[in-house]
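Notes for the structure review
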Amino acid sequence: FCVYIFTDGHLVFNKLKARARLDLREQATKTDAEDVVEIMKHSLLDTFSDEFGRLDFDRSQLGSGMSNRSQAKKFVAALNQIAERTYKTMFESQQLRQIAKELQIQVADFEGFISSLNEQGYLLKKGPKVYQLQTI
């Protein structure tokens, strides 16, 4: 079973293999492919959505939405400060939402925003609604 979808020059097939490995399997399943497609949809929506959630395909510059990138940098910087101050790198989803609210970070899809930070390696999903900061 093979998926050949190109996005930003990268083959989604690698994401599909990684999704299967996450469940300690050699073979990818239809469910793995559906998960990858869902992740890619969220990623593309995040990239091409403006701060009001409207699609704007002119926002792309080298495959990334500029306003979301600056919000992500601001958010991760704040998480780093909190982690250094509290000596804790684990955050629950509700804490992340509260921090974003305090920073006035406005994204159309907060779960997609956090998922994007997870995909980029800033946050590591450790369990249901629990993430570990990886930049400290």
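What this report covers is the structure whose coordinates are included nearby.

Rules used throughout
Residues numbered from 1 in each chain as written. Predicted model: local features only at pLDDT ≥ 70, side-chain atom pairs only at ≥ 80, totals over all residues. Heavy atoms only, no water. Helix = DSSP H or I, 4+ residues; strand = E, 2+ residues; numbered from the N terminus. Contact = heavy atoms within 4.5 Å. Buried < 20%, exposed > 50% of the residue type's maximum accessible area, 1.4 Å probe, protein only. Arc of directions from axis to C-beta.

A separate point is the overall build of the chain. Along the chain, the regular secondary structure elements total five helices and seven strands. Overall, the chain shows an N-to-C arrangement of helices and strands of β-β-α-α-β-β-α-β-α-α-β-β. Nonlocal contacts in the chain, meaning residues at least 24 apart in sequence, comprise 43% of its contacts between residues at least 6 apart.

With that settled, the discussion passes to the environment of Phe13. Note on placement: Phe13 falls in helix H1 (residues 12-22). Residue classification places Phe13 among the partly exposed positions, given a relative accessible area of 23%.

Further remarks concern unusual backbone geometry. One non-glycine residue with positive phi stands out, namely Leu24, at about 60 degrees. Along the chain, Leu24 falls in the loop between H1 and helix H2 (30-48). A residue is classified by how much of its surface remains accessible, and Leu24, at 79% relative accessible area, is exposed. Positive phi values are uncommon outside glycine, yet Gln104 reaches one of about 60 degrees. Positionally, Gln104 belongs in the loop between helix H4 (93-102) and helix H5 (110-119).

It is worth spelling out H4 at this point. Looking only at H4, the buried set comprises Leu96, Ile99 and Ala100. Taken around the axis of H4, the buried residues stretch over an arc of 100 degrees, which confines them to a single face. Residues of H4 that are exposed and point more than 90 degrees away from the buried face comprise Gln94, Lys101 and Glu102.

Fair warning: the whole summary comes from geometry, so function is off the table for now.
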